[in-house]
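Analysis of the macromolecular model
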Amino acid sequence: MNESFGTRLRARLDECGPLCVGIDPGPGLLGAWGLDDSPAGLERFSRTVVEAVADVAAVVKPQSAFFERWGSRGIAVLERTIADLREAGTLVILDVKRGDIGSTMTAYAEAYLDRGSPLAADAVTLSPYLGFGSLEGAITSAVANDAGVFVLALTSNPEAAPLQRLVADQVLAGAAAANAGQSPFGPVGVVVGATLPAIEHSLTELNGPILAPGLGAQGASPADVARLFASVRHAVVPSVSRAVLTDPKRVRARTIRYRDECAAHLDVKIATQR
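Structural notes, computed from the coordinates. Just so you know, these numbers come straight off a predicted model, no measurement behind them. (Residues numbered from 1 in each chain as written. Predicted model: local features only at pLDDT ≥ 70, side-chain atom pairs only at ≥ 80, totals over all residues. Heavy atoms only, no water.)

1. Brief notes about the side chain of S239
- Secondary-structure assignment places S239 in strand β8 (residues 236-240).
- Overall, the relative accessible area of 4% leaves S239 in the buried class. (Helix = DSSP H or I, 4+ residues; strand = E, 2+ residues; numbered from the N terminus. Buried < 20%, exposed > 50% of the residue type's maximum accessible area, 1.4 Å probe, protein only.)

Here's what the structure looks like:
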């Protein structure tokens, strides 16, 4: 790759529209699809989702935990899922929420961001709660590999609010500093939930993308996304999972519907509408 993550993400959003689809193959969803809760069921589920959304969603976000629970067999499915998505040209955010210090953080970065790794994604999610500075190894690796990171800032789960409000300004300031001078986006995005009643912290100086989970099953609508992120609508990537995944025959249609509704509410154009 010769283009930065920010450049690739901007191009993908312009082409396909503002939507990230999560791949969350938990036992409940596998059962709803009539699949065994097994590595074989996991693979069938993941391949079906990839085939349905790879050309209509700008970004796809596999949740690593649902693959890790099957050990090496699940990780093998995750490797193939990432490879299939990247071969299709879809950007991949691997949802791992890693956070550590020193050599351990560097090792996580090698696993998920190094171009030679079988698990290499376009970006990963990171937890900053050992201090934003603890993420330096991952951010350095992301820049070296034309990749990105999304740091938890104000997430969609309500129990996180008291803690995250205390440190959100530090997270946003750290991300903005890492992104300074970059165009169209810097390598450090943040995670800000679409289910929040309001956002009390400024996002306009971030100069990076905003991953906004909570669309659909958690209760957020495309209109909520547009209201919360009006000042940074060009940078927001709404994320939906269960709402498009419950019926294998309707994954593509539901993805397109959410994508088009988000684009309409955010008043953004989609270059190639499928």
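2. Things to note about empty space enclosed by the protein
- Inspection of the entire model under this criterion finds one cavity of 30 Å³ or more.
- Estimates place the volume of the largest cavity at around 40 Å³.
- If you trace the largest cavity, you find it lined by E43, S46, R47, V50, V77, R80, T81 and D84.
- Looking at the lining of the largest cavity residue by residue, the classes come out as two nonpolar, two polar and four charged. (1 Å grid on protein atoms, 1.4 Å probe; cavity = no way out; pocket = protein on both sides within 12 Å on 5 of 7 lines; lining within 4 Å. Points joined across faces, edges and corners; volume = space filled by probe spheres on them. Nonpolar A, V, L, I, M, F, W, Y, C, P; charged D, E, K, R; others polar.)

3. Describing the pattern of salt bridges
- Here the structure, examined in full by the defined rule, presents 15 salt bridges.
- E43 serves as the salt-bridge partner of R80, at 3.1 Å between the closest nitrogen and oxygen. In this pair, R80 is assigned in helix α5 (residues 71-87) and E43 in helix α3 (residues 39-53), connecting sequence segments 37 residues apart.
- For R80, a relative accessible area of 32% translates into the label partly exposed.
- E43 sits in the partly exposed class, given a relative accessible area of 23%.
- The partner of R233 in a salt bridge is D267, and the shortest N-O contact between them spans 3.9 Å. Taken together, the residues R233 in the loop between α9 (222-228) and β8 and D267 in the segment after α11 (251-266) connect sequence positions 34 residues apart. (Salt bridge = Lys/Arg side-chain N within 4 Å of Asp/Glu carboxyl O.)

4. Let's talk about the layout of surface pockets
- Roughly 470 Å³ of internal volume is contained in the largest pocket.
- As for the largest pocket, its lining consists of 22 residues, and the residues nearest its centre are K61, D95, S156, P213 and Q218.
- When residues of the lining of the largest pocket are traced back to their parent elements, those giving at least two are β3 (91-98), β7 (210-215) and β8.
- Take the lining of the largest pocket: its biggest share by element is four residues, from β7.
- Among the residues making up the lining of the largest pocket, the classes are represented as eight nonpolar, nine polar and five charged.
- The space that makes up the second largest pocket amounts to roughly 260 Å³.
- For the second largest pocket, the lining is made up of 16 residues, of which A161, R165, L196, P197 and A198 are closest to its centre.
- Residue contributions to the lining of the second largest pocket peak at three residues, all from helix α8 (residues 161-179).
- Its residues assigned to classes, the lining of the second largest pocket comprises eight nonpolar, six polar and two charged.

5. Topic: the packing of α3 against α11
- Following both chains from N to C, one finds α3 and α11 inclined at 50°, their axes separated by 8 Å at the closest point. Between α3 and α11, the angle falls in the class oblique. As for how α3 packs across α11, the hand of that crossing is right-handed. Contact residues: E51, A52 and V53 in α3; V251, R252 and T255 in α11.
- The class makeup of the residues in the contact of α3 with α11 is three nonpolar, one polar and two charged. (Axes fitted to C-alpha atoms, helices over the stretch in contact; angles between N-to-C directions. Parallel < 35°, antiparallel > 145°, perpendicular 65-115°, else oblique. Left-handed = near helix turned anticlockwise from the far one by under 90°. Contact = heavy atoms within 4.5 Å.)

6. Quick word on the packing of aromatic side chains
- Applying the stated criterion to the full structure yields three aromatic pairs.
- Ring geometry for F5 and F150: centres 6.0 Å apart, planes at 90°, overall edge-to-face. With F5 in helix α1 (residues 5-16) and F150 in strand β5 (residues 148-154), the pair connects residues that are 145 residues apart, well separated along the chain.
- For F150, a relative accessible area of 1% gives the class buried.
- Ring centres 6.5 Å apart and planes at 15° place the aromatic pair Y108 and Y112 in the stacked group. Residue Y108 and its partner Y112 are both found in helix α6 (residues 102-112); the two are separated by four residues, about one turn of the helix. (Phe/Tyr/Trp six-rings, centres within 6.5 Å; stacked < 30°, edge-to-face > 60°.)

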